[in-house]
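Okay, here's what each chain looks like letter by letter:
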Amino acid sequence: MRHIPAKLRQKAQGIKLLLLDVDGVLTDGGIVMNNRGEEIKRFDVRDGHGIRLLLRAGVQIGLITGRSSKVVSHRAKDLGIRMLYQRVYNKLEVYEKIKRRARLKDHEIAFAGDDIVDLPVLRKVGLAMTVKDCWGELKRQVDYVTAAEGGRGAVREMVELLLKAQDKWEEITRRYYTG
């Protein structure tokens, strides 16, 4: 992302919390089950590294998902994500609870979803984002659509947008360039 439009930059500058849907955003939306009924998900390593960069920059991250999966619990723990809500049937209700607990305002929160169930939260947050391969109607409802598909670097793209808009990208990534 080279140029961030002024309106998008303004919204991204004040974000203190990024909330993500899991299936279709952090993963490609596919669900693989083995013969014991155990779920297997594929996560993008660059998305994971992006999440760590965002946490290092002081931006909180949380996951809100309608499904419940041990795999997601393991991935969240591995990445240092403490805010994990699974088997959520009303994402807006959980969003309001998170907002109160974090003592944040709507304009300080970004959310990325990919389907109709995410729409109520996307309409409330300060920065609404989705992935390239989302439910088509969602693209007209959000502030930013990634060039990448869900589970294929879309979260990393969102992280870079936030860090660059907040002028933290250079500082956070400097050590990788200087060795």
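Cut-offs used in this document
- What you see as residue numbers is a count from 1 along each chain, following the sequence as written.
- Thresholds applied to this predicted model are a pLDDT of at least 70 for local features of residues and 80 or more for the giving and counting of side-chain atom pairs; totals over whole chains, interfaces and linings are not thresholded and use all residues.
- Side-chain calculation: all heavy atoms of the structure are included, whereas hydrogens and water are not.
- Helix numbering and strand numbering both begin at the N terminus, where a helix is a DSSP run of H or I of at least 4 residues and a strand a DSSP run of E of at least 2.
- The quantity called the radius of gyration is restricted to C-alpha atoms. Its globule counterpart is 2.2 Å times the number of residues to the power 0.38.
- A simple rule labels every residue: compare its accessible area, found with a 1.4 Å probe on the protein chains alone, to the largest value its type can have, and call it buried under 20%, exposed over 50%, or partly exposed in between.
- Contacts are assigned to residue pairs that have any heavy atoms within 4.5 Å of one another.
- For patch detection, residues must exceed 30% relative accessible area and be free of salt bridges, and they are connected within 9 Å for like charges or within 5 Å for nonpolar side chains (Val, Leu, Ile, Met, Phe, Trp, Tyr).
- Every accessible area reported is derived by Shrake-Rupley at a probe size of 1.4 Å, with residue values counting cover from the shown protein chains alone.
- What counts as a salt bridge is simple: a side-chain nitrogen of Lys or Arg found within 4 Å of a carboxyl oxygen of Asp or Glu.
- For every element, the axis is a line fit to its C-alpha atoms; helices are fit only across the contacting stretch, and the angle between N-to-C directions ranges from 0 to 180 degrees.
- Our angle categories are set so that under 35 degrees counts as roughly parallel, over 145 as roughly antiparallel, 65 to 115 as roughly perpendicular, and the remainder as oblique.
- For the purposes of this section, nonpolar cores are sets of buried Ala, Val, Leu, Ile, Met, Phe, Trp, Tyr and Cys residues that join through side-chain atoms within 4.5 Å.
- The pairing criterion is simple: DSSP has to find at least two bridges between the two strands.
- A right-handed crossover is one whose linking path, passing over the helix from the first strand to the second, runs clockwise when the strands point away from the viewer.
- Here a polar contact is recorded for every N or O atom pair within 3.5 Å, except that within protein the pair must consist of a potential hydrogen donor and a potential acceptor, and residues adjacent in sequence are included only if both atoms are side-chain atoms.

Help me get a handle on the overall build of the protein, residues and values and all.
Summing up its helical and strand segments, the protein has eight helices and eight strands in all. Taking 2.2 N^0.38 as the reference for a compact globule, 179 residues should give roughly 16 Å; the C-alpha atoms of the protein span a radius of gyration of 15 Å, in line with that estimate. Across the 179 residues of the protein, 50% fall into the buried class. If you take every contact in the protein between residues at least 6 apart in sequence, the share linking residues at least 24 apart comes to 58%.

Please give an account of unusual backbone geometry that cites residues and values.
With phi around 55°, R103 is a residue other than glycine that occupies positive phi space. Among the secondary structure elements, R103 is positioned in the loop between α5 (91-102) and β6 (109-112). Residue D167 is not a glycine yet carries a positive backbone phi of 55°. Looking at where D167 falls in the secondary structure, it is placed in the loop between α7 (154-165) and α8 (169-178).

Mind laying out a nonpolar patch on the surface, listing which residues take part and the relevant values?
The grouping of I116, V117 and W135 at the surface amounts to a nonpolar patch, some 280 Å² of accessible area in total. Among the secondary structure elements, I116 is positioned in the loop between β6 and α6 (119-122).

Would you mind going over the packing of helix α1 (residues 6-13) against α7 in detail, with residue names and values included?
Between α1 and α7, the shortest axis-to-axis distance is 8 Å and the interhelical angle comes to 85°. On the basis of the axis angle, α1 is roughly perpendicular to α7. Residue-level contacts link L8, R9, A12 and Q13 of α1 to L161, L162, K164 and A165 of α7.

Give me the nonpolar core: which residues, what numbers.
L19, L20 and M129 are the most contacted members of the largest nonpolar core, which has 58 residues in total. Considering every element that reaches this core, the biggest residue donor is α7, with eight residues. Ignoring sequence-local partners within four residues, the contact set of M129 consists of L18, A110, F111, A112, G113, L122, V142, Y144, M158 and L161.

A description of the pairing of strand β4 (residues 60-64) should follow, citing residues and the corresponding values.
Among the five residues that make up β4, four are buried, leaving the element largely enclosed by the rest of the structure. The pairing of β4 with strand β5 (residues 83-85) spans three bridges and is parallel. When the bridges of β5 are listed, G62 appears paired with M83. The parallel pair β4 and β5 is bridged by helix α4 (residues 70-79), and the resulting crossover is right-handed.

Tell me about the pattern of salt bridges, and name the residues and values.
For the structure shown, the criterion picks out 20 salt bridges. Notably, a salt bridge pairs D23 with K41, separated by 2.4 Å at the nearest N-O pair. On the criterion of sequence distance, the pair formed by D23 in helix α2 (residues 22-26) and K41 in the loop between β3 (39-40) and α3 (45-56) is long-range, its members being 18 residues apart. Taking the relative accessible area as the measure of exposure, D23 reaches 14% and is therefore buried. With its nearest N and O atoms 3.5 Å apart, the salt bridge here joins K164 to E160. Note that K164 and E160 are positioned in helix α7 at a spacing of four residues, about one turn of the helix.

Please provide a residue-by-residue account of the side chain of T130, values included.
Within the secondary structure layout, T130 lies in strand β7 (residues 127-130). Of note is the side chain of T130, whose polar atom sits 2.7 Å from the backbone oxygen of G113. In this view, T130 contacts G113, D114, L138, V142, Y144, V145, T146 and M158; residues no more than four positions away in its chain are not counted.

Requested: an account of the sheet that holds strand β1 (residues 17-20), with residues and values cited.
The sheet built from six strands is open, its strands ordered β5-β4-β1-β6-β7-β8 with parallel pairing. Edge positions in the sheet fall to β5 and β8 (144-145), since each of these pairs with one other strand and no more. In this structure, β1 lies alongside β6, joined through four bridges in parallel fashion. Residue pairing in the sheet places L17 in a bridge with I109 of β6. Contacts from α5 reach β1, β4, β5 and β6, with the element oriented near 160° to β5.

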